[in-house]
Amino acid sequence: MALLTIRDLQTGYDSHTVTPKLNFTVEEGDYLCIVGENGSGKTTLMKTLLSLIEPLGGQILYGGGLQKNQIGYLPQQTMIQKDFPASVREIVLSGCRGRCGLRPFYSKQEKKLAEANMRRMGLEGFSRRCYRELSGGQQQRVLLARALCATQKVLLLDEPVSGLDPKVTEEMYELIAELNREGITIIMISHDIPAAVRYAGHILHIGESVFFGTTEEYKNSEAGRYFLREVEK
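Reading the values: the criteria
Residues numbered from 1 in each chain as written. Predicted model: local features only at pLDDT ≥ 70, side-chain atom pairs only at ≥ 80, totals over all residues. Heavy atoms only, no water. Helix = DSSP H or I, 4+ residues; strand = E, 2+ residues; numbered from the N terminus. Rg over C-alpha atoms; globule rule 2.2 N^0.38 Å. Buried < 20%, exposed > 50% of the residue type's maximum accessible area, 1.4 Å probe, protein only. Contact = heavy atoms within 4.5 Å. Axes fitted to C-alpha atoms, helices over the stretch in contact; angles between N-to-C directions. Parallel < 35°, antiparallel > 145°, perpendicular 65-115°, else oblique. Left-handed = near helix turned anticlockwise from the far one by under 90°. Nonpolar A, V, L, I, M, F, W, Y, C, P; charged D, E, K, R; others polar.

Participant: Even after reading the chapter, I still don't get the overall build of the chain, so can you show me in this structure?
Facilitator: What the chain contains, in helices and strands, is 10 helices and 11 strands. Here the C-alpha radius of gyration of the chain, 18 Å, is about what a compact globule of 233 residues would show, namely 17 Å. Projected onto the principal axes, the alpha-carbon positions of the chain cover approximately 50 × 40 × 35 Å. Put simply, the chain has 233 residues, and 48% of those count as buried. Sequence separation of 24 or more characterises 67% of the internal contacts of the chain that already satisfy a separation of 6 or more.

Participant: Sorry, what's going on with the packing of helix H5 (residues 108-120) against helix H6 (residues 136-150) here?
Facilitator: In helix packing, the relevant descriptors are the interaxial angle and the interaxial distance, both defined with respect to the helix axes. Between H5 and H6, whose axes approach to 9 Å, the crossing angle comes to 135°. The orientation of H5 with respect to H6, classified from their angle, is oblique. The interaxial crossing formed by H5 with H6 has right-handed handedness. For the pair H5 and H6, the contacting residues are Leu 113, Ala 114, Asn 117, Met 118 and Arg 120 in the first and Ala 145, Leu 148 and Cys 149 in the second. Per-class residue counts for the contact of H5 with H6 are six nonpolar, one polar and one charged.

In short, shape yes, function no, at least from these values alone.
Next up, the structure:
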């Protein structure tokens, strides 16, 4: 069942088009990696899928009962965000804001959800720790727990391993893969082409040319062969 169907979607800012017309679908349980050259519009596309930016053309259709506020999002971190002076519990709980509506407090159910997602991310005992005191990998786990409070269906991840060392990077990839095996649909922006073809089932390549298809099809495509060859040099 398609959770997202993208038809002739054009993205950009202030009538300036960043991406060409895009057509692709995301099925329930998919693991889609969005790859391509720097400046090709990957983050702009993700923000458009999140309704943070209005599309310049085309359609985004939601299916399978998915609502706009049921998508978890892990953005790229800035230095200011990494130094955020809040507790782990406060940050994870903030992922429930979409569930609160006009209610100015968190329910017992939402607090239990936050606790469950902290355990899920291996953050037991970190509840009262200050976020800015954590390592980069721990911070990403906190933000992933926060995103999981917003969804049981779809996670959008923008370069989730950026700035992490190789060991923590591999742990994060395995953690995301495990979430996918548990049934959560993953849409992830990545500059790591080898990891993308190792973990993802589908690839959307944005650039001078656009490709959408299975990972195997991508590896045999002109764009896939070129980028994989460049990585090996």
